[in-house]
Every structure is written in structure tokens, then in C-alpha cells.
Amino acid sequence: MSNWQIIKLAWAGIKANKLRSFLTMLGVIIGVAAVIILVSIAQGTSQSVTGRIQGLGSNLVSVSLRSSETDDTLAYEEVLKWQERPGVKGVAPVLNGNVTVKYGNKKYDTSLEGVTPEYEEVRNFHTQRGRFLLDSDVSLRQRVALVGTEVAKELFGQTNPVGKTIKINGENFVVVGLLEAKGAASFGSNDDKVMIPLSTAERLLNTRGIRFVYVQATSPEDVDGVVAQLDNLLYRKLKNTDAYRVFSQAEMLSTVSQVTGMLTLMLGGIAGISLLVGGIGIMNIMLVTVTERTREIGIRKAIGARRRDILRQFLIEALVVSGAGGLFGIVLGVAGSKLLNQFFGVSAAISWQIIGIAFGFALLVGVIFGIYPANKAAKLNPIEALRYQ
């Protein structure tokens, strides 16, 4: 009997016992669909987070002083001199704080950043309406502000905020720009913030000295050199490696990649358990099938079928069941991933590699759990099989 004839017989058996066949394949269908959906979500999340980190600024290096370790700060003029160092393209010092913003009778608590005009290029933050901060805003301590999209939505709804006067911690500021939407970040939302000139922020927050600086390297090749220079400079100033931290965008991306890689493996492993359960179902049904077809096996052996022929027949039948379940699982998994993406906003990146691995694993499960029933059928004594009632 040819392989194609065996496949047709196996498919005929599936159609003859539709409910039993469906229940047998259900574990494989759910397993394959779960692998595709969960791994797609993990990879989609990884791509989304990576894209957002890369969008925060090209060749970015961040310098932070840990206030719990030292009372030292960096002077504004000292930070600006970093721009003269080899490999440094731009420097953007930042003052951070939490403030209450009011417009009319609406009040909203948000984060505040005191920045300079260089922040726009270094962090890749631009305005969708109005303008960014100017050098004159910093030098003259102007009370002007940029608002993120979340703040604008809370205070102004759909109204253009540019030109409106808001109160930040009780002081009047004119909104000169609405920032572009940037999405979430590991430390919070990039859209839930207000920016004002750094010199104005010093007075508003009643603080002096810089504790956080963004540095833009000239090229990706210069990032490591810039990190080494800044690390050496800060160590000579603070004499304590625990008092500061210098880290690059590449480090952040590497960490994200490791975390999401572990997440993908974990989710794939959880989904793979469903496939193993489906394989047990296949083995159970195949054992029942061997018992039901004992006389058929005896007849086949009596007319010359060899042990390997019987083994091949039942293995192919197990593969047909697992393969059919795998195909239905692929359809369900792809459809489920697209529905999650479209209606729930879940990032899901479907790839042929994921689909191929899931289907291949389904076939492997069919072979592994089909070997024992097939081997049992192949070992039947033809005389005893013919006597079986």
C-alpha cells in the first residue's frame, strides 16, 4: 500500500468518526494556536519596546547622579563643556520634578522637566504644534511651557493648547508647543509631562545643579568611547562608582532583548504543554484504533504485509491527525493574533518562522506519540489477530 493510499484511508477514518477525531485533534489545535498567539505577542511586544527606545534619541547615552549616594551635583556650565569632547554631538541637561498643572477649573498632577533647546535633537522630541524652546527662553528665564499629549488631553480636550496660559504650581506659564506623541517608556509615559526652560525650572523647583544629563554620540561607533570618557570624568569628580551611573541605549536594548527573549521562551514553553497534552490524546485514540482494527491487521499480515508496513501505516495515520490539527491550529492562531491586534491593541508580530516551528512541533508530537501504538500494531501475531473478535 502506497503512502498516498494510507493518507486517504486515514482521512476517511477521520471523516467517519468526526467527533472523536475532533476531540483527538483539539489538544493539537489549541497547542499550535497558543504557541503562535503567545510567541507572536512576545515578539510584537519586543519589537514595540525596542522601537520606542530607539525613537527616544539616536546614539543616546544617559548620565544620572544617585542622590541617595551623594549630595554632589553637576554645574550647568560644566555639563555644557562635555560637548567639546571627542565623539559628543549634543548634550541635554535635565531637571526633574512633580508638579500640579491647572487650566481653568481643571487640575492635573504630572511630571516636569526643565530642559534646554538641545533636548529636541538629543532626545528626538519634536512639537506637532507650536515651537520648541529657544536659547532666549533659557537665558531670560521665560515662563513658557511645552505639554505632552496626555496633559493636553486632560486639560484642553481636543482644543489646541498653544497660546493658552496654564498654572504650574501656582505660577502662570504660556504654552508655546504641543509635543508629538511618543508612547510609554520603562519609567512611565513620555506623553505625561510638561517641559519648561531649565533656568526657570531651577526657580520653580527651588533646586540648583544637574543630576541627569542626556548625551548624544556622533555615531554608534562613538558610543562606547563617550561612555568611557564620561565614566572616567565622573569618577575623578565623585571618587565613588556607586554615586553615578552612565549607560547607553545599546545597554538598554540588550537588557530588553534578554528579558523579552526569556519571556518568549517561557510563553512558548507554556503553550507547548498543550501540544504534549494533545499528543497524549493522539496516542490514546491510536491505541483504541489498534484494538478496533486487530482483525484487519491480522488479514494484512496474512496476505504478506510486513511489520514495517503496519508500522508505517499507523505512523502516517498519527501524522495525518496531528498534521490536520496543526493546520487548523495555524488558522486559529493567525486569526486570534490579528483579532487581538485589531480590537485590543495588543502588539502581535506573526512570522512564518513561528508558524513553521509550531506546525513542525505538532508533527513531531504526532510521531512521538504515534510510535508506541504503531509498534504495538506491528508486533501483533497474525494468527491471534485473525482470531480476535
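Above: the structure in question.
Predicted, not measured: the structure shown is a model, and the values here were computed from it.

Quick notes on the rules
Residues numbered from 1 in each chain as written. Predicted model: local features only at pLDDT ≥ 70, side-chain atom pairs only at ≥ 80, totals over all residues. Heavy atoms only, no water. Phe/Tyr/Trp six-rings, centres within 6.5 Å; stacked < 30°, edge-to-face > 60°. Helix = DSSP H or I, 4+ residues; strand = E, 2+ residues; numbered from the N terminus. Buried < 20%, exposed > 50% of the residue type's maximum accessible area, 1.4 Å probe, protein only. Pairing = 2+ DSSP bridges. Contact = heavy atoms within 4.5 Å. Expected span 1.5 Å × (residues − 1). Bend = angle between axes of the 7 residues up to and from the residue. Core = buried A, V, L, I, M, F, W, Y, C linked by side-chain atoms within 4.5 Å. Axes fitted to C-alpha atoms, helices over the stretch in contact; angles between N-to-C directions. Parallel < 35°, antiparallel > 145°, perpendicular 65-115°, else oblique. Left-handed = near helix turned anticlockwise from the far one by under 90°. Nonpolar A, V, L, I, M, F, W, Y, C, P; charged D, E, K, R; others polar.

Draft legend 1. Local environment of the packing of aromatic side chains. A full pass over the atoms with the stated rule returns four aromatic pairs. Their ring planes at 80° and their centres at 6.1 Å tell us that Tyr 119 and Tyr 214 sit as a pair that is edge-to-face. Separated by 95 residues along the polypeptide, Tyr 119 in helix H4 (residues 119-122) and Tyr 214 in strand S11 (residues 212-217) bring together distant segments of the chain. The interplanar angle of 65° and the centroid separation of 4.9 Å between the aromatic rings of Phe 212 and Tyr 214 together place this pair among those described as edge-to-face.

Draft legend 2. Fine view of the pairing of strand S10 (residues 193-197). Within S10, five of the five residues are buried, leaving the element largely enclosed by the surrounding structure. One ladder, built from five bridges, connects strand S3 (residues 106-115) with S10; its direction is parallel. In the sheet register, Gly 114 faces S10, and the bridge partner there is Ile 196.

Draft legend 3. Layout of unusual backbone geometry. Located in the positive-phi region is Arg 141, a residue other than glycine, with phi close to 50°. Structurally, Arg 141 is set in the loop between helix H5 (135-139) and strand S5 (144-147). Among the residues examined, Arg 141 registers a relative accessible area of 35% and is labelled partly exposed. Even without a glycine there, the phi angle at Lys 239 is positive, about 60°.

Draft legend 4. Structural view of the environment of Ala 152. For Ala 152, the location among the structural elements is in helix H6 (residues 149-156). With relative accessibility at 7%, the residue Ala 152 sits in the buried group. Along the sequence, Ala 152 and Val 194 sit 42 residues apart, while their C-alpha atoms lie 9.5 Å from each other. Setting aside anything within four residues of it in sequence, one finds Ala 152 in contact with Val 147, Gly 157, Pro 161 and Leu 178.

Draft legend 5. Local environment of helix H12 (residues 352-378). Along its 27 residues, H12 runs 37 Å from first to last C-alpha, staying within 8% of the 39 Å computed at 1.5 Å per residue. At Gly 370, H12 shows its maximal bend, which comes to roughly 40°, and the proline Pro 373 appears one to four places after that position. Of the residues making up H12, those classed as buried are Ile 354, Ile 355, Ala 358, Ala 362, Val 365, Gly 366, Phe 369, Gly 370, Pro 373, Ala 374, Ala 377 and Ala 378.

Draft legend 6. The arrangement of the nonpolar core in detail. Among the nonpolar cores identified, the biggest contains 43 residues, and Trp 82, Ile 166, Ile 168, Ile 196 and Val 213 are the most heavily contacted of them. Per-element tally for this core: the top contributor is helix H8 (residues 223-238), with seven residues. Residues in contact with Ile 166, not counting those within four places in the same chain, are Val 101, Lys 102, Tyr 103, Ala 145, Val 147, Phe 156, Glu 171, Asn 172, Phe 173 and Val 175.

Draft legend 7. A look at the environment of Gln 83. Inspection of the secondary structure assignment puts Gln 83 in the loop between helix H3 (76-80) and strand S2 (88-103). Each residue touching Gln 83, except ones within four places of it in the same chain, is listed here: Val 88, Lys 89, Gly 90 and Val 91.

Draft legend 8. Up close: the packing of helix H11 (residues 307-343) against H12. Here H11 crosses H12 at 150°, and the two axes come no closer than 7 Å. Comparing their axes, H12 and H11 come out roughly antiparallel. H12 is crossed by H11, and the crossing has right-handed handedness. Split by residue class, the contact of H11 with H12 holds 18 nonpolar, six polar and one charged.

Draft legend 9. Seen up close, the pairing of S5. Judged by which residues are buried, S5 turns out to be covered on both faces: Val 144 and Leu 146 on one side and Ala 145 and Val 147 on the other are all buried. Where S5 lies against strand S7 (residues 171-179), four bridges are found, and the strand directions are parallel. Its bridge partner lying in S7, Val 147 is registered against Leu 178. Alignment of S5 against S10, held across two bridges, turns out to be antiparallel. From the neighbouring strand, Leu 146 faces S10, where its bridge partner is Met 195.

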